[in-house]
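So the chains spell out like this:
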Amino acid sequence: MIRHPTFKPHWTPFVIPQTGIVLLSSEERRILRGCPFADLTLLLDGMTCVDDVIAALCDRHDIASLCFCLMQMENAGYLTDGPPETPPSLIVWTESGARLVTSGPRPTQEPDETRAADSFTPEATGAVSTDEGLATANPGGDPPRTPPSHVDGPRDKRFASMLERIKPALQDTLVPASSFDKMLRVANLLPREFSEFWGIECRLDQTIQEADILFSVYPRTAGASLLAGAQPSCLDDLCEASPVWRALRTLARHWQRPDHPERLRITGLWLEHDTAAVRCDADLLRSIRQPNVFVAPSSQATADEIIRLTGILSRFFESARGSLPDLRWFMDALPPGARLFQIGWMMTRDPACGLRLCISGVDPAALRPWLSAILPRHVDELMPLIDLLTPLCRGLVFDFNLTARGVAPDLGVECYIRKVFDESAEWMTLLRTLEDAGIPVLEHWQAVDDYVGTLAIPLQQRLHGDRLELNPIRCINHVKCRLSKAKIAQVKVYLAASHREVHLEDIKLASGLSMARDSLLGSNGECRAPTVR
């Protein structure tokens, strides 16, 4: 058992006294029900040893229950050994509302870089449970309460401020200053709240590194509200100047209507700005105004609905119309269990590349028959490479270019290990295999590994009225290999960053936990935790 337990820096504890706790991160929410969890959380400051914590609470709970709850939290990956990098603070819900409580006296510190936990996604065991209903937006699907963002606001209101936060973690060997500057110029034209989950695409197989930047937008988020034009923002200029952004605004406005079919058929979108290809100001302007757009269809959408949606968006974007006649044939060829994960319009690429179709959920046993149906002349050269990657990953996504002449022979394979806080050893095994296949990727691996982590910001600096900013998280999202002519022709890594804000009242309402009056907090909200002996 950990000797001086405290919560890992990506988790922010939210205590409902005498009832349980909610653990929040930029990626996940967990609810731990039971009075012992609430009482223990008030004492887990990373400086008090386990024996003293248990001794302080043994008159309220039996020792076996306390030990069981501590083991549950440790085994689930919530705890680490102290002392913490920032003041060990938490939020407690009192009769008068949310209140900040600091567990033990600690000096105020500046944000510090903390290495990410190895285990981030715990198995649900015992009292530890996942609550999918806990959302960053308001319950009931109402439009999120977005702070106003103005066209001429200060720099910290632009997304460039979020990119600058992760700059210390990006080594020049991975993203050189010239490449970072191009991404920064794109980010400076977007509002700070535009994306909660975004990423950087880095090439691992090149001596001279270049990078692209990507932003996700999902329904019922602040970014979707700004994209729809619900509040004035710097997006208004982009939507006025660019047909692609105007089409995106139309889509976002559909999302704002609960009864609109597109709200049910599209679960999110990604915008990719090809800054790696920028050589002059004209290239940069084109990259900003014509991002590559990836749309995620709902898993419940039928083939007919997806084909209709693709046709509408192809007309909106004025792109890839020549691919539409073969889309029905491609969809009908999907093996059982597989689905169209994303559809991409590569507006900054050669128009001949057509639609990008990303397929997930393919059973390994169905791979060869499926590829034989859609790429019969190339299946024999592709399968040995896919067989090489399959046992090294926890999931594969296959990327095809559907052109006016059919499916292009080059195949992209996205390799996933875990969603966030990926195991370094597992990624190393994958990259060593690629190195043995003749792709020089290991020289950049240390820079990639060093990127992973949490920006630990003191809780006091993350509370803004009734809104709580969660600690930003950096992780490896996936590695992508491009297969061409019986070899791995290119390897990219997608570095992700997650940044979210939540409303305190929404957390309590969505958790389903109600406050009991008898607790370790007095009526004035002050912590009256037992004296540690």
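Each remark here, short or long, concerns the structure printed above.
Residues numbered from 1 in each chain as written. Predicted model: local features only at pLDDT ≥ 70, side-chain atom pairs only at ≥ 80, totals over all residues. Heavy atoms only, no water.

Draft legend 1. Highlighting the overall build of the protein. Across its full length, the protein carries 18 helices and 24 strands. Across the 533 residues of the protein, 59% fall into the buried class. Taking the intrachain contacts of the protein between residues at least 6 apart in sequence as the baseline, contacts between residues at least 24 apart amount to 71%. Surface exposure of the protein reaches about 21,500 Å², of which carbon and sulfur atoms provide 51%. (Helix = DSSP H or I, 4+ residues; strand = E, 2+ residues; numbered from the N terminus. Buried < 20%, exposed > 50% of the residue type's maximum accessible area, 1.4 Å probe, protein only. Contact = heavy atoms within 4.5 Å. Areas by Shrake-Rupley, 256 points an atom, 1.4 Å probe, with all protein chains shown as cover.)

Draft legend 2. Here's a closer look at the packing of aromatic side chains. Summed over all chains, the structure comprises 11 aromatic pairs. Pairing F159 with W198 gives two aromatic rings, centres 5.1 Å apart and planes at 85°, and the pair type is edge-to-face. Highlighted residues: F159 in the loop between strand 9 (128-130) and helix 4 (160-166) and W198 in strand 10 (residues 197-203), separated in sequence by 39 residues. Each of the two residues, F159 as well as W198, counts as buried. Relative to F398, the ring of W370 lies with its centre 6.0 Å away and its plane at 75°, an arrangement referred to as edge-to-face. Remark: F398 occurs in strand 16 (residues 395-403) and W370 occurs in helix 13 (residues 367-374); sequence separation between them is 28 residues. The two residues W370 and F398 agree in class, both being buried. Among the aromatic residues, those joined into a ring-pair cluster are F159, F194, W198, F215 and W245. Sitting above the plane of the Y451 ring, R474 keeps its charged end 5.7 Å from the centroid. (Phe/Tyr/Trp six-rings, centres within 6.5 Å; stacked < 30°, edge-to-face > 60°. Lys NZ or Arg CZ within 6 Å of the ring centre and 35° of its normal.)

Draft legend 3. A look at the sheet that holds strand 21 (residues 467-469). Within the open sheet, the three strands sit side by side as 20-21-24. Their pairing is antiparallel. Every other strand in the sheet has two partners, leaving strand 20 (463-464) and strand 24 (501-503) as the edge strands with one partner each. For strand 20 and strand 21, the ladder comprises two bridges, and the chain directions are antiparallel. If you follow H464 over to strand 21, its bridge partner there is R467. (Pairing = 2+ DSSP bridges.)

Draft legend 4. Structural detail: the pairing of strand 11 (residues 211-217). Buried residues dominate strand 11, accounting for seven of its seven residues. Of the two faces of strand 11, the one holding A211, I213, F215 and V217 and the one holding D212, L214 and S216 are both buried throughout. Sheet topology note: the strand 10/strand 11 ladder contains five bridges and is antiparallel. Considered in strand 11, the bridge of C202 is made with A211. As judged from the five bridges shared by strand 11 and strand 12 (residues 266-273), these two strands associate in the antiparallel manner. Along strand 12, the bridge assignment pairs S216 with W270.

Draft legend 5. Representation of the nonpolar core. The biggest cluster of nonpolar side chains holds 106 residues, and the ones touching the most others in it are L163, F194, W245, W370, F398 and F400. Per-element tally for this core: the top contributor is helix 8 (residues 243-255), with seven residues. Setting aside residues up to four positions removed in sequence, F400 forms contacts with F330, L355, R356, L357, I359, W370, L371, I374, L375, V407 and L411. (Core = buried A, V, L, I, M, F, W, Y, C linked by side-chain atoms within 4.5 Å.)

Draft legend 6. Quick look at the pattern of salt bridges. Inspection of the entire model under this criterion finds 19 salt bridges. We note a salt bridge from D304 to R328, for which the minimum N-O separation is 2.1 Å. Separated by 24 residues along the polypeptide, D304 in helix 11 (residues 303-317) and R328 in helix 12 (residues 327-332) bring together distant segments of the chain. The class of D304 is partly exposed, set by a relative accessible area of 47%. A residue is classified by how much of its surface remains accessible, and R328, at 34% relative accessible area, is partly exposed. Notably, a salt bridge pairs R467 with E501, separated by 2.5 Å at the nearest N-O pair. Of the two residues, R467 is situated in strand 21 and E501 in strand 24; the sequence distance between them amounts to 34 residues. Accessibility assignment for this pair places R467 and E501 in one class, buried. Overlapping salt bridges, with partners in common, bring together R165, R192, R467, E469 and E501 in one network. (Salt bridge = Lys/Arg side-chain N within 4 Å of Asp/Glu carboxyl O.)

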